[in-house]
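Working through the structure, step by step
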Amino acid sequence: MTNQASQQNLPVLVAGGGIGGLAAALALVNRGFKVKVLEQAPEIGEIGAGIQLGPNAFHAFDALGIGDKARARAVYTDYMVMHDAIDEYQVGKIPTDEAFIKRFGNPYAVIHRADVHLSLLEGAQETGRVEFLTSTRVVRIEQDEHSVTVFDQHGNAHKGVALIGADGVKSVVREQFVGDPARVTGHVVYRAVVDKEDFPEDLRWNAASIWVGPNCHLVHYPLRGGEQYNVVVTFHSREQEEWGVTEGSKEEVQSYFQGICPKARQLIELPKSWKRWATADREPIGQWTFGRVTLLGDAAHPTTQYMAQGACMAMEDAVTLGEALRVNDNDFVKAFDLYQRSRVARTARIVLSSREMGRIYHAKGVERLVRNDLWRGRTPERFYDAMEWLYGWNVTNCLARD
Ligand SMILES: Cc1cc2nc3c(=O)[nH]c(=O)nc-3n(C[C@H](O)[C@H](O)[C@H](O)COP(=O)(O)OP(=O)(O)OC[C@H]3O[C@@H](n4cnc5c(N)ncnc54)[C@H](O)[C@@H]3O)c2cc1C
């Protein structure tokens, strides 16, 4: 390790102990730093829901040194499939078999969020170089030429050589340095995990499966060796929504999804309890590095969920940050600049593509007919070509070339 950090023997501060914060902590430890993670929650943990992982996520796991842990907890799908939720028409089916793995060097998978988080947490704990402070909410940041000081809700000051703001969609770090408004979508997401015995046999596919309907869609896939299933349903709300998570109500979710085929509609009858997300994103920004402070994950590029890539992007961010430090001899100011240049366009593409994907999923009338015609007769290879920009990412090509 070089210069400033070793001289001052200060840790790098990470605001937020979610998937992005823990991935960042691992990347920083791998560069020789000590890390202090400041997390507002009383425990470091994750909510009960699944996520999808593209091959790029597995490249990131390997680069962070936790590939084996994450692989052991994932469920490997045979295909992705989209059906029209009105008439069950199969809009598209993409095999994620050997040919897919050969093309992208890694598989497609689905996993419980807590299992991704746990793999990162175990990896970070095993290094012995990450300190976790829970019930510690970052409220304000000061910096000078050599260090950053973070103040928490109790007025305590935490000093570090740099700060990574990985404090999620409502980032306080972003609020202080950018202060831009959220773009509330009015789309509401209900998520639940259902035991296998409660999940319909005719939908127990080993696939990332989506049913697309007018102003709504439904997603399901297996978790934990097929012992559980993740169920996610999304609809355009009739209410004026505010960005946030609350307990869901069975009555509300059942009041939507009229006109949907019974096979898809049975999904909304299953969960015993639901969590309700009123979603938002923000306009992509070109600057998220401010001296010794930078943003990462949802704090940097909050997105709607339709590309299923938010957590994958957070882990890519962390790997790229580590690489930027490596090629800049651990100089934070230079590395943060290179990290930002390497990430802005790619993550903005996710945010913007995700909005378009939401429109395609929720198409109605003639737009629905166009959607259902889009991929007719398309070969797996043509699908894979279209995915190359996304899944072809890895640690060797992650840095911007000047
Ligand atoms: C419905 C839905 C489905 C999704 N599906 C997928 C998918 O299939 N694949 C995928 O890759 N992604 C998916 N995502 C996105 C993914 O969940 C997020 O992008 C990812 O969790 C972002 O991680 P993060 O660490 O940046 O933020 P978070 O997970 O939000 O973590 C932020 C952490 O910071 C803490 N924090 C917040 N403020 C402060 C503060 N001031 N001080 C200290 N701590 C603070 C929080 O408590 C939290 O622990 C989905 C998201 C949604 C909503």
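Residues numbered from 1 in each chain as written. Predicted model: local features only at pLDDT ≥ 70, side-chain atom pairs only at ≥ 80, totals over all residues. Heavy atoms only, no water.

1. Overview of a nonpolar patch on the surface
Using the following cut-off: Residues qualify for a patch when their relative accessible area is over 30% and they have no salt bridge, like charges being joined within 9 Å and the nonpolar side chains of Val, Leu, Ile, Met, Phe, Trp and Tyr within 5 Å. Here, Shrake-Rupley sampling with a 1.4 Å probe gives the accessible areas, and only protein chains in the shown set may cover a residue. When a carboxyl oxygen of Asp or Glu lies within 4 Å of a side-chain nitrogen of Lys or Arg, that pair is called a salt bridge. Here a strand is any run of E in DSSP of at least two residues, a helix any run of H or I of at least four, and the numbering for each starts at the N terminus.
Where nonpolar side chains cluster on the molecular surface, the patch consists of Val366, Leu369, Val370 and Leu374 and spans about 380 Å² of accessible area. By secondary structure assignment, the location of Val366 is in helix α12 (residues 365-373).

2. A word on the UniProt feature "domain: FAD-binding" (unreviewed entry) in the protein chain
The criterion, for reference: UniProt positions are given in the numbering used here, feature names are shortened, and annotations may be inferred rather than shown by experiment.
The UniProt feature table records "domain: FAD-binding" (unreviewed entry) at residues 10-346. Annotated as residues 10-346, this span is 29% helix and 31% strand, and its ends, taken at the C-alpha atoms, are 32 Å apart.

3. Let's talk about the site of the ligand
Definition in use: A cutoff of 4 Å decides nearness: a residue is near a molecule or strand if any of its heavy atoms lies inside that distance of it. Two N or O atoms count as a polar contact when they lie within 3.5 Å, although within protein this holds only if one can serve as hydrogen donor and the other as acceptor, and sequence-adjacent residues are included solely when both atoms are side-chain atoms. Three residue categories are used. Nonpolar comprises Ala, Val, Leu, Ile, Met, Phe, Trp, Tyr, Cys and Pro, charged comprises Asp, Glu, Lys and Arg, and polar comprises the others, including Gly.
Around the ligand, the structure places 29 residues, and the nearest of them are Gly20, Glu39, Gln52, Arg113 and Asp298. A distance of 2.6 Å is found between an oxygen atom of the ligand and a side-chain nitrogen or oxygen belonging to Glu39. The separation between an oxygen atom of the ligand and a polar main-chain atom of Ala311 is 2.9 Å. Elements that contribute at least two residues to the shell around the ligand include exactly α2 (19-30), β3 (50-53), β13 (183-195) and α10 (310-327). Grouping the amino acids of the shell around the ligand by side-chain chemistry returns ten nonpolar, twelve polar and seven charged.

4. Details of the environment of Thr77
How we decide: Categorising residues by exposure relies on relative accessible area from a 1.4 Å probe, with only protein chains included: less than 20% of the type maximum marks a residue as buried, more than 50% marks it as exposed, and the intermediate range marks it as partly exposed. Residue contacts are defined here by distance: any two heavy atoms, one from each residue, within 4.5 Å place the two residues in contact.
Position of Thr77 among the secondary structure elements: in the loop between β4 (75-76) and β5 (79-84). Under the relative-accessibility criterion, Thr77 is labelled buried at 4%. Through-space distance from the C-alpha of Thr77 to that of Ala207 is 4.9 Å; in sequence the pair is 130 residues apart. Once residues within four sequence positions are removed from consideration, Thr77 is found in contact with Thr96, Tyr108, Val110, Asn206, Ala207 and Ala208.

5. A word on the pattern of salt bridges
One pass over the structure, following the stated rule, counts 27 salt bridges. Where Arg343 meets Glu316, a salt bridge forms, and the shortest distance between an N and an O atom there is 2.8 Å. Here Glu316 lies in helix α10 and Arg343 lies in helix α11 (residues 332-361), a separation of 27 residues in the sequence. In this structure, Arg343 and Glu316 share a single accessibility class: buried. Two residues, Arg343 and Asp317, come together in a salt bridge whose shortest N-O distance is 2.6 Å. Note that Arg343 is positioned in helix α11 and Asp317 in helix α10, a separation of 26 residues in sequence. Neither Arg343 nor Asp317 differs from the other in exposure class; each is buried. It is possible to trace a salt-bridge network through shared partners that takes in Asp84, Asp87, Arg368 and Arg371.

6. Some points on the pairing of strand β15 (residues 216-223)
Put simply, the rule reads: Two strands qualify as a pair provided that DSSP identifies no fewer than 2 bridges between them.
Across the eight residues of β15, eight count as buried, placing the element largely inside the fold. By the bridge criterion, five bridges tie strand β14 (residues 207-213) to β15 in an arrangement that is antiparallel. Its bridge partner lying in β15, Ile210 is registered against Val219. Pairing geometry for β15 and strand β16 (residues 228-236), over eight bridges, is antiparallel. Within β16, the position partnered with Val219 by the bridge is Val232. Adjacent in sequence and paired antiparallel, β15 and β16 are bridged by four residues, among which Arg224 carries a positive phi angle near 45°.

7. Section: α11
What counts here: Each residue after the first adds 1.5 Å to the expected span of a helix. We define the bend at any residue as the angle between the axes fitted to the seven residues before and including it, ending there, and the seven starting there.
Taking 1.5 Å of rise per residue, 30 residues should cover 44 Å, and α11 covers 41 Å from first to last C-alpha, within 8% of that figure. Along α11, the helix axis deviates most sharply at Arg343, where the bend reaches about 35°. Sitting at the amino-terminal end of α11 is Asp331, which places a side-chain oxygen 3.1 Å from the backbone nitrogen of Val333.

8. Remarks on the sheet that holds strand β12 (residues 162-165)
Worth spelling out the cut-off: Convention adopted: a line fitted to C-alpha atoms gives each axis, helices being fitted over their contacting stretch, and angles between N-to-C directions are expressed from 0 to 180 degrees.
Across the sheet, six strands lie side by side as β8-β2-β1-β12-β20-β19; this open sheet has mixed pairing. In the strand order of this sheet, the two ends are held by β8 (130-133) and β19 (289-290), each with one partner. Of the pairings in the sheet, the one linking β12 to strand β20 (residues 293-295) comprises three bridges and is parallel in character. When the bridges of β20 are listed, Leu163 appears paired with Val293. Sitting on the sheet, α2 is in contact with β1 (12-15), β2 (35-38), β8 and β12, with an inclination near 170° to β2.

9. Points about the sheet that holds β5
Read across the sheet, eight strands follow the order β6-β5-β14-β15-β16-β13-β18-β17 without closing on themselves; strand pairing throughout is mixed. Every interior strand has two partners, whereas the edge strands, β6 (90-95) and β17 (244-247), have only one. Within the sheet, the average angular offset between the axes of one strand and its neighbour, ignoring direction, is 15°. Bridge count for β5 against β14 is six bridges, and the pairing is parallel. For Asp84, the partnering residue across the bridge sits in β14 and is Val212. Packed onto the sheet, α11 meets β5, β13, β14, β15 and β18 (275-281) and runs at close to 60° relative to β14. Contacts from α12 reach β5, β6 and β14, with the element oriented near 150° to β5.

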